[in-house]
Amino acid sequence: SAVISQKPSRDICQRGTSLTIQCQVDSQVTMMFWYRQQPGQSLTLIATANQGSEATYESGFVIDKFPISRPNLTFSTLTVSNMSPEDSSIYLCSVASSTRDYGYTFGSGTRLTVV
Amino acid sequence: KQEVTQIPAALSVPEGENLVLNCSFTDSAIYNLQWFRQDPGKGLTSLLLIQSSQREQTSGRLNASLDKSSGRSTLYIAASQPGDSATYLCAVRRATGFQKLVFGTGTRLLVSP
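Residues numbered from 1 in each chain as written. Chains lettered and ligands numbered in written order. Predicted model: local features only at pLDDT ≥ 70, side-chain atom pairs only at ≥ 80, totals over all residues. Heavy atoms only, no water.

Here's the deal with the pattern of salt bridges
Residue and element names in this part refer to chain B. Scanning the model with the defined rule gives 3 salt bridges over all chains in all. Taking the shortest distance from any N to any O, the salt bridge between Asp39 and Arg37 comes out at 3.0 Å. For Arg61, the salt bridge goes to Asp84, with nearest N and O atoms at 2.8 Å. Of this pair, Arg61 sits in the loop between strand 6 (56-59) and strand 7 (62-67) while Asp84 sits in the loop between strand 8 (72-77) and strand 9 (86-94), placing them 23 residues apart in sequence. (Salt bridge = Lys/Arg side-chain N within 4 Å of Asp/Glu carboxyl O. Helix = DSSP H or I, 4+ residues; strand = E, 2+ residues; numbered from the N terminus.)

Some remarks on the layout of surface pockets
In this approach, a probe sized like a water molecule rolls over the atoms, and the result shows the empty space that is left. Its volume calculated, the largest pocket comes out at about 660 Å³. Along the wall of the largest pocket there are 25 residues; nearest its centre are Lys1(B), Gln2(B), Lys100(B), Leu101(B) and Val102(B). Counting only elements with at least two residues in the lining of the largest pocket, the list comes to strand 5 (43-49) of chain A together with strand 9 and strand 10 (101-103) of chain B. Here the residues of the lining of the largest pocket are counted per class, giving 12 nonpolar, 6 polar and 7 charged. (1 Å grid on protein atoms, 1.4 Å probe; cavity = no way out; pocket = protein on both sides within 12 Å on 5 of 7 lines; lining within 4 Å. Points joined across faces, edges and corners; volume = space filled by probe spheres on them. Nonpolar A, V, L, I, M, F, W, Y, C, P; charged D, E, K, R; others polar.)

Quick word on the state of the cysteines
Residue and element names in this part refer to chain A. Enumeration over the complete set of coordinates arrives at 2 disulfides over all chains. Cys23 shares a disulfide with Cys93; S-S distance 2.1 Å. On the sign convention where negative is left-handed, the bridge of Cys23 and Cys93, at about 70° about the S-S bond, is right-handed. Here the residue Cys23 occupies a position in strand 3 (residues 19-25), and Cys93 occupies one in strand 9 (residues 89-96), the gap between them amounting to 70 residues. Each member of the pair, Cys23 together with Cys93, is buried. Cys13 forms no disulfide, and the closest cysteine sulfur to it belongs to Cys93, at a distance of 17 Å. Exposure remark for Cys13: the relative accessible area of 8% places this residue in the buried category. (Disulfide = S-S within 2.5 Å. Buried < 20%, exposed > 50% of the residue type's maximum accessible area, 1.4 Å probe, protein only.)

Some thoughts on the interface of chain B and chain A
With 21 residues of chain B at the contact, the number on the chain A side is 22 residues. Carbon and sulfur atoms make up 55% of the area that chain B and chain A hide from each other, which totals about 1,700 Å². Scanning the region where chain B abuts chain A turns up 0 salt bridges. Inspection of the region where chain B meets chain A yields 4 residue pairs in polar contact (both at pLDDT 80 or more). With 5 residues, strand 4 (residues 30-38) of chain B is the largest single contributor of residues to the side of chain B that touches chain A. Across the side of chain B that touches chain A, the residue classes break down as 8 nonpolar, 10 polar and 3 charged. (Contact = heavy atoms within 4.5 Å. Buried area = accessible area lost by both parts, 1.4 Å probe. Polar contact = N/O pair within 3.5 Å; in protein donor to acceptor, adjacent residues only side chain to side chain.)

Quick word on the pairing of strand 5 (residues 44-51) of chain B
All names here are of chain B. Across the 8 residues that make up strand 5, a large majority, 6, are buried. Note: strand 4 against strand 5, 7 bridges, orientation antiparallel. Note that in strand 5 the partner of Phe36 across the bridge is Ser46. Joining the antiparallel neighbours strand 4 and strand 5 is a turn of 5 residues, in which Gly41 adopts a positive phi near 70°. (Pairing = 2+ DSSP bridges.)

With respect to unusual backbone geometry
Leave glycine aside and you will find that most residues have negative phi; peptide bonds, for their part, are mostly trans. A cis geometry characterises the amide bond from Lys7(A) onward to Pro8(A), with omega recorded as -10°. Mapped onto the fold, Pro8(A) is located in the loop between strand 1 (4-7) and strand 2 (10-13). With omega at 0°, the peptide bond leading from Ile7(B) into Pro8(B) counts as cis. By the element assignment, Pro8(B) lies in the loop between strand 1 (4-7) and strand 2 (10-14). At Asn82(A), a position not held by glycine, the phi torsion is positive, near 45°. Along the chain, Asn82(A) falls in the loop between strand 8 (75-80) and strand 9. With relative accessibility at 54%, the residue Asn82(A) sits in the exposed group. Of note, the phi angle at Ala79(B) is positive, near 45°, even though the residue is not glycine. In this fold, Ala79(B) is placed in the loop between strand 8 and strand 9. With a relative accessible area of 37%, Ala79(B) lands in the partly exposed category.

Here's the deal with the environment of Ser108(A)
With respect to the helices and strands, Ser108(A) occurs in the loop between strand 10 (104-106) and strand 11 (110-114). Placed 85 residues apart in sequence, Ser108(A) and Cys23(A) show a C-alpha to C-alpha distance of 9.8 Å.

So this is what it looks like as structure tokens:
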């Protein structure tokens, strides 16, 4: 399965600022996803990062708040903009296997605290 | 809309016990089901992946079963160890269309020495 490197692993940020999270995969993948996990909750899909086109956002998430880049098939970034304490969560990137089993692999996560 | 539920929400057992975690889903039209482990504040580690045509998968002390028609999966952990302490999540991928995973609510497991 793919190996994902996600940076930073954690950060403490001031409200009103922005943080960009990077996700690097060791192989080319078609589908990359960004998830949010709020404290004590399960994972919620934010968006699908598409190479060469705009990301596809889930209901409740907008591009102005969570802009995503996908410049090639091994890399993506998620920016959390104009942060508030409610954005404090774990953010995870994920890729779907290119083999027929379609299993998913996740990065190690970015633990964000907004103060 | 697919909904995934896990029971129990939390479980505390002494070391050495065999245990079962449950996952149920409302829409049986799934492509596969995946069990993950998450340590506090960390990412997800894939444990087992079961395709919709399979009944079970095994890896070491872990065994996962799938009954698609009844919308249920179980994760069996044999001879539990303190290192098994973590949150266990199940997730389903639907059979058609967008490759979106729907996650369960998780079971938080504590294995005491």
